[in-house]
Amino acid sequence: MAVERGKDSSLPPTSPAHVIVTNGNGNGAGLAPSNANYRLRLNPNQDHRADNYDDLGMEFTPLLFSSLERYLPPNLLDVSRDTKYKYMRDILRRYSTEGERTREQKHKEYRQKIVSNYQPLYRELYTMNPSMFFVQSFLKAFNANEKNKDDSIKSIMSEPAPGVYTFDMLQPRFCEMLLSEVENFEKWVHETKFRIMRPNTMNKFGAVLDDFGMQGTLDKLMEDFIRHISKIFFPDVGGFSLDSHHGFVVEYGMDRDVELGFHVDDSEVTLNVCLGKQFTGGELFFRGVRCEKHVNSETHPEEIFDYSHAPGRAILHRGRHRHGARATTSGHRINLLLWCRSSVFRELKKHKKEFINFCGECKREKKGRLLHSVAARKKELLVGEGDIAS
């Protein structure tokens with residue numbers, strides 16, 4: 001069974017994928033060097049507290065700058081925010097094409113047209129409000145002091161299969177409000193005959209939440225919550241440096257998408273939360289994590305895992321974890337998806353071969369080579385001992 005790469009619609013991603021990364025330490029004493037010498041460190045300063053760039057009108061997403069800042073040369077970490085911003089902006093401009101920037105601008109205009117005309121049903125959804133959105137157990141885990149926060153987060157997680165984590169997350173009232181908001185948006189689309197882009201090439205129903213004003217809420221969801229979880233469980237795929245997202249809802253039912261084929265997501269980490277409503281079927285099936293090279297390799301018995309959705313309960317996994325959704329046989333199922341991405345990781349993995357260590361097949365090949373090497377060495381030693389004995 002061939003695996004399809006999950007993709008966005010034809011609209012551009014929220015941030016460019018290419019940045020230059022070297023081992024250099026940068027030039028100058030706090031002043032941005034000449035354009036030819038712009039560079040970032042290969043390894044981030046994890047202890048550095050990055051500035052917030054939300055208030056700047058920028059051509060790239062603010063989260064990207066906050067993430068990249070940890071990769072700045074040491075002599076630039078403590079300079080003014082404006083200096084750091086210009087330094088990183090010029091790097092990004094060098095590694096994003098004119099075509100990419102043009103498409104990004106068109107995407108912004110598309111979103112602005114929607115936001116200027118669509119009247120939200122629940123405006124409180126458009127600002128992050130943890131006490132209104134999340135269940136108590138989730139809030140309590142994140143309200144723990146910094147020293148105990150990681151252990152507190154781990155305590156609410158279940159790992160029913162390797163690399164797949166589930167936990168209670170969303171309040172029933174929030175799920176109901178978001179469902180109503182999406183229905184209201186779909187009604188507006190129908191009445192105005194506005195042509196919208198669907199979530200990706202595989203789902204023909206659903207809506208991109210970022211496109212009608214919820215980008216800020218989802219930015220905070222990723223930055224304040226999902227990135228911390230991913231830093232704990234998915235450091236091998238850049239969980240510590242998530243800096244952009246694609247947020248959307250998908251709809252399944254007899255008059256909607258029925259099932260979803262075997263695929264991988266265009267993300268480093270994927271959050272999937274069932275919002276409701278009443279339904280049967282629709283189970284997710286997982287079949288192992290794979291790199292690009294091995295995406296269509298066979299599935300091993302220990303990699304087989306099926307998951308049944310429950311409203312408000314989240315499932316978190318690597319984007320490269322192969323999966324699909326079985327048919328929703330009755331009712332109507334709607335899920336919230338957040339594809340979380342790290343532009344830094346995507347660039348780094350081009351330079352560091354060991355980044356493929358998340359792939360189950362790569363691990364098996366490496367183990368096979370090791371066992372073969374050990375066996376060959378044992379044979380050499382046994383032959384040597386035989387020669388000595390004779």
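Conventions and cut-offs
- Residues numbered from 1 in each chain as written.
- Predicted model: local features only at pLDDT ≥ 70, side-chain atom pairs only at ≥ 80, totals over all residues.
- Heavy atoms only, no water.
- Salt bridge = Lys/Arg side-chain N within 4 Å of Asp/Glu carboxyl O.
- Helix = DSSP H or I, 4+ residues; strand = E, 2+ residues; numbered from the N terminus.
- Buried < 20%, exposed > 50% of the residue type's maximum accessible area, 1.4 Å probe, protein only.
- Pairing = 2+ DSSP bridges.

**Section: the pattern of salt bridges**
When charged atoms on two side chains of opposite charge get close, those side chains can pair. Taken as a whole, this structure holds 25 salt bridges when the rule is applied. With a shortest N-O distance of 3.2 Å, glutamate 146 and lysine 149 are connected by a salt bridge. Placement of the pair is glutamate 146 and lysine 149 together in helix H6 (residues 146-155), with a separation of three residues, close to one helical turn. Relative accessible area serves as the criterion here: at 60%, glutamate 146 is assigned to the exposed category. Between arginine 341 and aspartate 266 there is a salt bridge; the shortest N-O distance is 3.4 Å. With arginine 341 in strand E13 (residues 328-341) and aspartate 266 in the loop between strand E6 (260-264) and strand E7 (269-276), this residue pair connects regions lying 75 residues apart in the sequence. A single network of salt bridges, built from pairs that share partners, joins Arg290, Glu302, Glu303, Glu361 and Arg364.

**Comments concerning the pairing of E6**
Within E6, four of the five residues are buried, which leaves it mostly tucked inside the rest of the structure. Where E6 and strand E12 (residues 321-325) come together, two bridges link them in antiparallel fashion. Its bridge partner lying in E12, histidine 263 is registered against histidine 323.

Everything listed here is a matter of geometry and, on its own, says nothing about what the molecule does.
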